[in-house]
Amino acid sequence: MDAADRKILALLVEDGRRTLDDVGGHVGLSPSAVKRRLDRLRADGTLRGFTAVVDHAALGGATEALIELFFAPGVPLDDVGATLRGLPEVVEAWSVTGDADAIARVRTRDNADLERLIRDLQHDGRVVRTRSQVILRGLASR
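Residues numbered from 1 in each chain as written. Predicted model: local features only at pLDDT ≥ 70, side-chain atom pairs only at ≥ 80, totals over all residues. Heavy atoms only, no water.

Chemist: Before we move on, can you summarise the sheet that holds strand β3 (residues 102-108) with the specific residues and values?
Modeler: Ordered by their spatial adjacency, 4 strands build an open sheet running β2-β3-β1-β4, and the pairing between neighbours is antiparallel. Strand pairing shows two members of the sheet lacking a second neighbour, β2 (90-95) and β4 (127-135), which therefore form its edges. Put simply, the sheet's adjacent strands are angled 20 degrees from each other on average, direction ignored. Of the pairings in the sheet, the one linking β2 to β3 comprises 5 bridges and is antiparallel in character. Note that in β3 the partner of S95 across the bridge is A102. Relative to strand β1 (residues 63-71), helix α4 (residues 77-85) is tilted by about 155 degrees, and along the sheet it contacts β1, β2 and β4. Along the sheet, helix α5 (residues 111-122) contacts β1, β3 and β4; its crossing angle with β1, the most-contacted strand, is approximately 20 degrees. (Pairing = 2+ DSSP bridges. Helix = DSSP H or I, 4+ residues; strand = E, 2+ residues; numbered from the N terminus. Axes fitted to C-alpha atoms, helices over the stretch in contact; angles between N-to-C directions. Contact = heavy atoms within 4.5 Å.)

Chemist: Hey, could you go over the pattern of salt bridges for me, with residue numbers and the actual values?
Modeler: Two side chains with opposite charge may pair up if their charged atoms get near one another. This structure, assessed with the given rule, holds 16 salt bridges. Across the pair D5 and R40 runs a salt bridge whose closest N-O atoms are separated by 2.8 Å. Taken together, the residues span a long stretch of sequence, with D5 in helix α1 (residues 3-14) and R40 in helix α3 (residues 31-43) at a distance of 35 residues. When its relative accessible area of 37% is taken as the criterion, R40 is described as partly exposed. When salt bridges that share partners are traced, they join E89, R109, D113, R116 and D120 into one network. (Salt bridge = Lys/Arg side-chain N within 4 Å of Asp/Glu carboxyl O. Buried < 20%, exposed > 50% of the residue type's maximum accessible area, 1.4 Å probe, protein only.)

Geometric values such as these leave the question of function open.
Shown next as C-alpha cells:
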C-alpha cells in the first residue's frame, strides 16, 4: 500500500459514492488506474466493502445501547455469538477483555424494547448478567 492507496481510501471513507473520475482527480490517476487499485484493495481484503449510513432513529430504532454480557461458566463464545447474530437488534458485538465477556451494540424502538431484549439475552441461562449503557448521542465516528 502506497500514499495513493491511502489517499483513495481516505476519499472513499469521506464519501463512498465518489466516482472513479473524482477520486482519480484528487490523487492524480486515471479512472482506470483507480479502479485497478480498488480491485486490488478489495482482493487483498484491505477494502472490505461499501456501506450506506442509515439514520436508525428515522426507522424507529430510537434507543441505542451498549450491553455488557457476562456468560455462565463454560459457555462457549461461539454459542453466544450465534445467538447475537440471530437478533436483529444487535448491530455489532465483540469479545472483550476486562470484567465482561462480550459487549453488544444494539438498537431498539424504545427503553421498553431494550428491556425486553435484555431479558431475551438472559433467557436461556448462557448470559447470567448484563450491564447496559444507553447512548445519548454520538460524539465521533469513522
